[in-house]
Amino acid sequence: MNKNLNRSHKRQAGKLLAIGLIIMVPALGMAQDQPLGELIRSARNAGIEQARLNDLQSRAASHGITDGQLTQIIGTATVLAEQNLPSDMIFQKAMEGMAKGIAPERMQPVLQNLQRSTISAVAIVDPWIARGDVAQMMSRSGEQMSGQAFRNELLKAGSKAMSQNVSPQSLQNLFDAIGQEATLSRARPSGIAAAISIFADLPSTAQHPDASGAVVARALQSGFEAGDMHKLPGAMNSAQRRSQLPATAVIEGVAGQMVQGTPASQILQNLFNGNIGGGPPGNVPSGMGNRPGQGRGEQGAP
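Residues numbered from 1 in each chain as written. Predicted model: local features only at pLDDT ≥ 70, side-chain atom pairs only at ≥ 80, totals over all residues. Heavy atoms only, no water.

A.B. asks: How should I be thinking about the overall build of the chain in this particular structure?
C.D. replies: If you tally the helices and strands in the chain, you get 15 helices and zero strands. Looking at the 302 residues of the chain, the share that counts as buried comes to 47%. Put simply, of all contacts in the chain between residues at least 6 apart along the chain, 71% involve residues at least 24 apart. For the chain, the accessible area works out to roughly 14,000 Å², and carbon and sulfur atoms hold 50% of it. (Helix = DSSP H or I, 4+ residues; strand = E, 2+ residues; numbered from the N terminus. Buried < 20%, exposed > 50% of the residue type's maximum accessible area, 1.4 Å probe, protein only. Contact = heavy atoms within 4.5 Å. Areas by Shrake-Rupley, 256 points an atom, 1.4 Å probe, with all protein chains shown as cover.)

A.B. asks: Help me understand the packing of aromatic side chains, please; the structure alone is not making it clear to me.
C.D. replies: Aromatic rings considered in pairs are described by the distance between their centres and by the relative angle of their planes. Under the defined criterion, the tally for this structure stands at one aromatic pair. Seen in terms of ring centroids, Trp128 and Phe175 are 5.2 Å apart; in terms of plane orientation they differ by 70 degrees. Their pairing is edge-to-face. With Trp128 in helix H6 (residues 104-129) and Phe175 in helix H9 (residues 168-178), this residue pair connects regions lying 47 residues apart in the sequence. In this structure, Trp128 and Phe175 share a single accessibility class: buried. (Phe/Tyr/Trp six-rings, centres within 6.5 Å; stacked < 30°, edge-to-face > 60°.)

A.B. asks: Can you walk me through the packing of H9 against helix H12 (residues 209-221) in this structure?
C.D. replies: The packing of two helices is summarised by the inter-axis angle and the distance between the axes. It is at 9 Å that the axes of H9 and H12 come closest, and there the two elements cross at 30 degrees. As judged from the angle between their axes, H9 and H12 are roughly parallel. The two elements H9 and H12 cross, and the hand of that crossing is right-handed. Only Pro209, Asp210, Gly213, Val216, Ala217 and Leu220 of H12 make contact with H9, whose side of the interface consists of Ser170, Asn173, Leu174, Ala177 and Ile178. Its residues assigned to classes, the contact of H9 with H12 shows seven nonpolar, three polar and one charged. (Axes fitted to C-alpha atoms, helices over the stretch in contact; angles between N-to-C directions. Parallel < 35°, antiparallel > 145°, perpendicular 65-115°, else oblique. Left-handed = near helix turned anticlockwise from the far one by under 90°. Nonpolar A, V, L, I, M, F, W, Y, C, P; charged D, E, K, R; others polar.)

A.B. asks: Whenever I open this one, the environment of Pro246 confuses me. Can you help?
C.D. replies: With respect to the element layout, Pro246 can be found in the loop between helix H13 (226-243) and helix H14 (247-259). Owing to a relative accessible area of 42%, Pro246 belongs among the partly exposed residues under this scheme. C-alpha separation for the pair Pro246 and Ser204, spaced 42 residues apart in sequence, amounts to 8.7 Å.

A.B. asks: Can you walk me through the environment of Ser141 in this structure?
C.D. replies: Along the chain, Ser141 falls in helix H7 (residues 132-141). In this structure Ser141 comes out as buried when scored by relative accessible area, which is 12%. Within polar-contact distance, the side chain of Ser141 engages the backbone oxygen of Met138 at 2.9 Å. (Polar contact = N/O pair within 3.5 Å; in protein donor to acceptor, adjacent residues only side chain to side chain.)

A.B. asks: Just checking my understanding: could you explain unusual backbone geometry for this structure?
C.D. replies: Trans peptide bonds make up most of the peptide bonds, and negative phi angles are found at most residues other than glycine. Even without being glycine, Asn165 reaches a positive phi, approximately 75 degrees. Note on placement: Asn165 falls in the loop between helix H8 (147-163) and H9. In this structure Asn165 comes out as exposed when scored by relative accessible area, which is 72%. In the Ramachandran plot, Gln244 falls in the positive-phi region, its phi being about 60 degrees despite a non-glycine side chain.

A.B. asks: Help me understand helix H4 (residues 67-82) in this model?
C.D. replies: In an α-helix, one turn spans 3.6 residues; hence positions three or four apart end up facing the same way. Under the 1.5 Å per step criterion, the end-to-end length of H4 is 21 Å for 16 residues, consistent within 8% with the ideal 22 Å. Restricting attention to buried positions, one finds in H4 the residues Leu70, Thr71, Ile73, Ile74, Gly75, Thr76, Ala77, Thr78, Val79, Leu80 and Ala81. (Expected span 1.5 Å × (residues − 1).)

A.B. asks: Mind showing me how you'd approach the packing of H4 against helix H5 (residues 88-99) here?
C.D. replies: In contact at an axis separation of 9 Å, H4 and H5 are set at 160 degrees when each is read in the N-to-C sense. One element, H4, and the other, H5, form an angle in the roughly antiparallel class. The interaxial crossing formed by H4 with H5 has right-handed handedness. For the pair H4 and H5, the contacting residues are Ile73, Thr76, Ala77 and Leu80 in the first and Met89, Ile90, Phe91, Ala94 and Met98 in the second. For the contact of H4 with H5, the class distribution of residues is eight nonpolar, one polar and no charged.

A.B. asks: Quick question: what am I supposed to make of the nonpolar core here?
C.D. replies: Of all hydrophobic cores here, the largest spans 79 residues; its most connected members are Leu154 and Ile192. If near-sequence neighbours (up to four positions away) are discounted, Ile192 is found in contact with Trp128, Met137, Phe150, Leu154, Ile178, Leu184, Ala187 and Leu220. (Core = buried A, V, L, I, M, F, W, Y, C linked by side-chain atoms within 4.5 Å.)

A.B. asks: Would you mind going over the pattern of salt bridges with me for this structure?
C.D. replies: Note on pairing: side chains with opposite charge can pair once their charged atoms come close. Summed over the entire model, instances satisfying the criterion amount to nine salt bridges. For Glu96, the salt bridge is made with Lys93, and the minimal N-O distance between the two is 3.8 Å. Taken together, the residues span about one helical turn, with Glu96 and Lys93 both in helix H5 at a distance of three residues. Classification of Glu96 as partly exposed rests on a relative accessible area of 33%. A salt bridge links Arg151 to Asp126, with the shortest nitrogen-to-oxygen separation between them at 2.7 Å. (Salt bridge = Lys/Arg side-chain N within 4 Å of Asp/Glu carboxyl O.)

Pasting the structure below:
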């Protein structure tokens, strides 16, 4: 039954993605063809706050950005807002670019990529969040997060992942892993959003996305909250750097600690200390391989 449900979700996801991309192309052109004043009115009508628009205009003026260049930025965000999709990350990324002195012509492709990935994420997020077991998870979580807010957080997290070269299929697989009963029964909305958000940042995701997704799902099962999840990429990077072991070994060590029931805070501390396997300092579970040039028993953090 789960397999049939997943196939149904993926078919629906493909249809939504195609529809979203068809809508986006003409909408983007229309938004950016409008004069700045008209576009700002369109942005307000789409739900973008005037204060955010004022802040962007002020920052743009101080960095020498022309009205035409500003129109491109606001148009990119407006296309999302008009489709009931979160647009605040467009403003945030644009302001980060201004602060770093990045030229508008270099910023715009990044913003458009973020826009495209947000629209693509709809095809994965919407069918998943419509599931009955996800609604049950939200109702019992005790968190004061509306369904719309949860959707927006998942869209932003999914968009971030795909804009960092996570494939739609790998992202879909991650949602499928998190959607298993063993994970949903322990997870909370904020933790799930954090898990999706940090997925691309794990050192193992580029080469081993499914193994990384399994560790993320296991972390939610093991009681990792949102704050713990946000620390996991830094902890795993630290563990890999200090132990000089491959990313696959780090994944195995983290998963092993979770299976042993090690608390999230202790797992993170172990990883920051270069202690991949938990237990005594320097412990690496057997079968993970040795550091280059060292024999068994000489492993550990420098």
